[in-house]
Amino acid sequence: MSVTESSPAADEQPTPAADEQPAPTAPAPADAVPVDAPSADVPLADASSADAPPTPRKARRVLAAVARWTAAVVVFAGAGAGTAAWITSLDRHEVPGLATEGDGRWEYPRLSLPALPEGRPRPFTDGNDGEVHHADARRLVLPAPAGAKVDPKADGAWVTTESFLSLYGEEDRAELRTALADSTLRHVAARAWSMPDGTRTTVHLLRFGSVAYAEAFKDEALDAGVAAAPGVLPRGVEAVVPEDYASVVDVPGTTLYAFREKKPYGPEQTRWAYLQTGDIVAVVSQVRAGEALAVPFQQTVTLQNQLLG
């Protein structure tokens, strides 16, 4: 905003007498910019008039200019405050110039921990030395992201051990079935869904009678902690590459092992992870034609780990 002052009316300007007219001068060039020079008959203020109070007309002009500048400052301040409030109310991707390209993450709903039975503490807190999950395990299964087609038979529901064993080849199921029976498995909760790009995700939560049984099943039956590869591989997987998520997925009290199927593989690639948190072992698996993408897999594993930790 620019603020300009209006010039005094023409009839208020002093008119020089005829014999006091300035001598004619050469005409200015066409492109010259006129500059107002002080009139010869207007005396310069002397030291004695410097402290004299302004005339009423001059005072009114000064007050008018101050009022206009004050109004301009108020308008700009209000506009600035309004812009700041608008910017801070937006998400990053809604702010012009700060929008970010999609990085492949799925849109999961806002997560919240399920309610606990009265008087029961959460795992890894004071008073829960056994690290037991007292919440309903079905409420601890990660919800499906936006756009997913959920399997109605495994939508945060109790499932049979055979549902879990179907992740593995026929040659491994009998031994795993025996290990589950010997480990005082209490129940299995699961959710499965598929995404528009063809990625199929399954999440199984196996809750055991104690932390010791859960850890034994993870270490002895699944061989999850083997450095090169776990002893039991998902169905159709022959060679694997371990993934190091320790520096990314850091949830106190939890253990995480992640793997991906090694190239060359068939028409699909598998990624999977084992999580052990207290008395629960979680198995997260993603299968996709061509390549199972790393970003949604890591996101899914991280969120499931946070729900359990």
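Treat the numbers as computed from the prediction; the structure is a model and nothing was measured.

Quick notes on the rules
- Residues numbered from 1 in each chain as written.
- Predicted model: local features only at pLDDT ≥ 70, side-chain atom pairs only at ≥ 80, totals over all residues.
- Heavy atoms only, no water.
- Helix = DSSP H or I, 4+ residues; strand = E, 2+ residues; numbered from the N terminus.
- Buried < 20%, exposed > 50% of the residue type's maximum accessible area, 1.4 Å probe, protein only.
- pLDDT = per-residue confidence, 0-100.
- Contact = heavy atoms within 4.5 Å.
- Expected span 1.5 Å × (residues − 1).

Asker: Account for unusual backbone geometry, with residues named and values stated.
Answerer: For residues that are not glycine, phi is negative in most cases, and the peptide bond is trans in most cases. Each neighbour pair has its own omega, and for Lys263 with Pro264 the value is -5 degrees, a cis peptide bond. Turning to its location among the elements, Pro264 is positioned in the loop between strand E5 (254–261) and strand E6 (268–277). One non-glycine residue, Thr184, adopts positive backbone phi at about 50 degrees. Topologically, Thr184 is positioned in the loop between helix H3 (170–182) and strand E2 (185–194). A positive phi angle, close to 50 degrees, is found at Asp223, a residue other than glycine. Along the polypeptide, Asp223 turns up in the loop between helix H4 (211–221) and strand E4 (240–243). You can call Asp223 partly exposed: its relative accessible area is 27%.

Asker: Just give me the short version of the confidence of the model for the protein chain, but keep the residues and values in it.
Answerer: The predicted model of the protein chain has a mean per-residue pLDDT of 75, with 65% of residues at 70 or higher. Within the model, the stretch residues 1–53 combines pLDDT values under 50 with 11 contacts to residues more than four positions away or in other chains. Low confidence marks residues 71–101, where pLDDT is under 50. Its contacts with residues over four positions away, or in another chain, come to 10 contacts.

Asker: Explain helix H5 (residues 294–308) to me, and be specific about the residues and the numbers.
Answerer: With 15 residues, H5 extends 21 Å from end C-alpha to end C-alpha; this agrees with the ideal 21 Å at 1.5 Å per step. For H5, the tally of buried residues reaches 11 of 15 residues, placing the bulk of the element in the interior. For H5, the full list of buried residues reads Pro296, Phe297, Gln299, Thr300, Val301, Thr302, Leu303, Gln304, Asn305, Leu307 and Leu308. Elements that come into contact with the buried residues of H5 comprise strand E3 (200–208), E5, E6 and strand E7 (280–289).

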